[in-house]
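Survey of secondary and tertiary structure
Chain residues, written in single-letter form:
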Amino acid sequence: MEKAAVQQDGLLIPLIDFSKFQHGTEAQKLETAQAILKGFQTAGFIYLKNIPITRETRAHVFETSAKLFKLSHQEKMACAWTTPEANRGYSEPGREKVSLLTDANEVEKVRAAAPDIKESFEIGRDDEPGHPNQWPAERGDLIGFKSTMTDFFDQCKALHVEVMRAIAVGMGIEPRFFDSYVDVGDNTLRLLHYPAVSKEVFKTGQVRAGEHSDYGSITLLFQDQRGGLQVKSPNGQFVDARPIEDTCVVNAGDLLARWSNDTIKSTIHRVVEPPHAEGEVHPPRYSVAYFCNPNFKNHIEAIPGSYVTEAEKKYPGINSGDYLVQRLTATY
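This write-up is about the structure you can find in this document.

Cut-off values and rules
Residues numbered from 1 in each chain as written. Predicted model: local features only at pLDDT ≥ 70, side-chain atom pairs only at ≥ 80, totals over all residues. Heavy atoms only, no water. Helix = DSSP H or I, 4+ residues; strand = E, 2+ residues; numbered from the N terminus. Rg over C-alpha atoms; globule rule 2.2 N^0.38 Å. Buried < 20%, exposed > 50% of the residue type's maximum accessible area, 1.4 Å probe, protein only. Contact = heavy atoms within 4.5 Å. Pairing = 2+ DSSP bridges. Axes fitted to C-alpha atoms, helices over the stretch in contact; angles between N-to-C directions. Polar contact = N/O pair within 3.5 Å; in protein donor to acceptor, adjacent residues only side chain to side chain.

1. Some details on the overall build of the chain
A count of helices and strands for the chain gives 9 helices and 17 strands. Over its C-alpha trace the chain gives a radius of gyration of 19 Å, about what one expects of a compact globule, namely 20 Å for 332 residues. In terms of overall dimensions, the chain has a C-alpha envelope of 55 × 45 × 45 Å along the principal axes. Burial statistics for the chain: of 332 residues in total, 53% are counted as buried. By sequence separation, contacts in the chain at least 24 residues apart represent 77% of the contacts at least 6 residues apart.

Okay, here's the thing in structure tokens:
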């Protein structure tokens, strides 16, 4: 229905017009939902265009994010990330190490040898008891920071609901099946800054973010035009997932793969040296990721239709919040 956003080494990531699911005919809605599901089942990734979040909104969020990362180290550390349970605040370069490892001691060894070259700022829903967001002082260029980010958080939350509805339609189950699993908004908005770095750094195998899969249901990724995101192909090679203007990259996470009884893929990806050289120093890269999760209170087990008999269920049921905290604990 649309040309491929990425097609290389057995990896085909579709580019899908999401407005046809939201505003099209019933036939267009079904066709779009099936394309979204197929993309998640085969590649684990899709690109969406014509999403309800405007270009102007996204540009303003990127501008505001860049202003945050220009603060002094002391000012940023005043909002420092604290615990996996809270998962809010600022993480300085080297604090987080994404990988495929699950043992905290092994992660620490890898972090010490080759820390990820990035800094980030995490924002959760603003009404979670016991876990307030770590908002920076609003003065100068950061006046309005909180309202900008809470508004964007809510728009991404609404898009999460709509994408999950598309998955439900594609699977042939009740369109609002997932609504009661994602209505709380236990999600994380992450602002990311990959600082300018010499080309020499990458010659030793250093990366901006190590190979990993995401933890939750889906991730909404908004990226600038610098590039560097790579997705692992079915043949085991990493393929460039280059930025396409006015699109949102969406990938399935580990919990959705488990929830779907592995009929949906959670695909490994990483951030490396940009594909195009710009002199001896690569400029900064900015991205904004919205990590979507089932409500922390919900019990997750195989989606109806992803199995025929109980024996075909690959995983026991699990609490969403417990699962996600366990995964985060091994990362920080």
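Now that the structure has been shown, we can carry on.
2. Digging into the sheet that holds strand S6 (residues 188–194)
Consider a sheet: its strands pair through backbone hydrogen bonds, and that pairing is either parallel or antiparallel. Read from one edge of the open sheet, 9 strands run S1-S2-S3-S12-S9-S15-S6-S5-S4, paired in mixed fashion. What marks the edges here is a single partner per strand, and that holds for strand S1 (4–8) and strand S4 (89–91). Strand-to-strand twist in this sheet, taken as the mean axis angle between neighbours without regard to direction, amounts to 20°. Here 5 bridges tie strand S3 (residues 45–49) to strand S12 (residues 247–252), and the two strands are oriented antiparallel to one another. Looking at the pairing, Ile46 lines up with Val250 of S12.

3. Observations regarding the side chain of Thr188
For Thr188, the location among the structural elements is in strand S6. On the basis of relative accessible area, Thr188 is assigned to the buried category, the value being 9%. Engagement of the side chain of Thr188 in a polar contact is seen with the side chain of Asn87, the distance being 3.3 Å.

4. Brief notes about the sheet that holds strand S13 (residues 269–271)
Strands sit in the order S8-S13-S10-S11 across an open sheet of 4 strands; the sheet is antiparallel. Taken across any chain shown, the strands that pair with only one partner, and hence form the sheet edges, are strand S8 (209–212) and strand S11 (238–240). In this sheet, neighbouring strand axes are inclined to one another by 20° on average, regardless of whether the strands run parallel or antiparallel. Taken together, the 3 bridges between strand S10 (residues 229–232) and S13 define a ladder with antiparallel strand orientation. When the bridges of S13 are listed, Leu229 appears paired with Val271.

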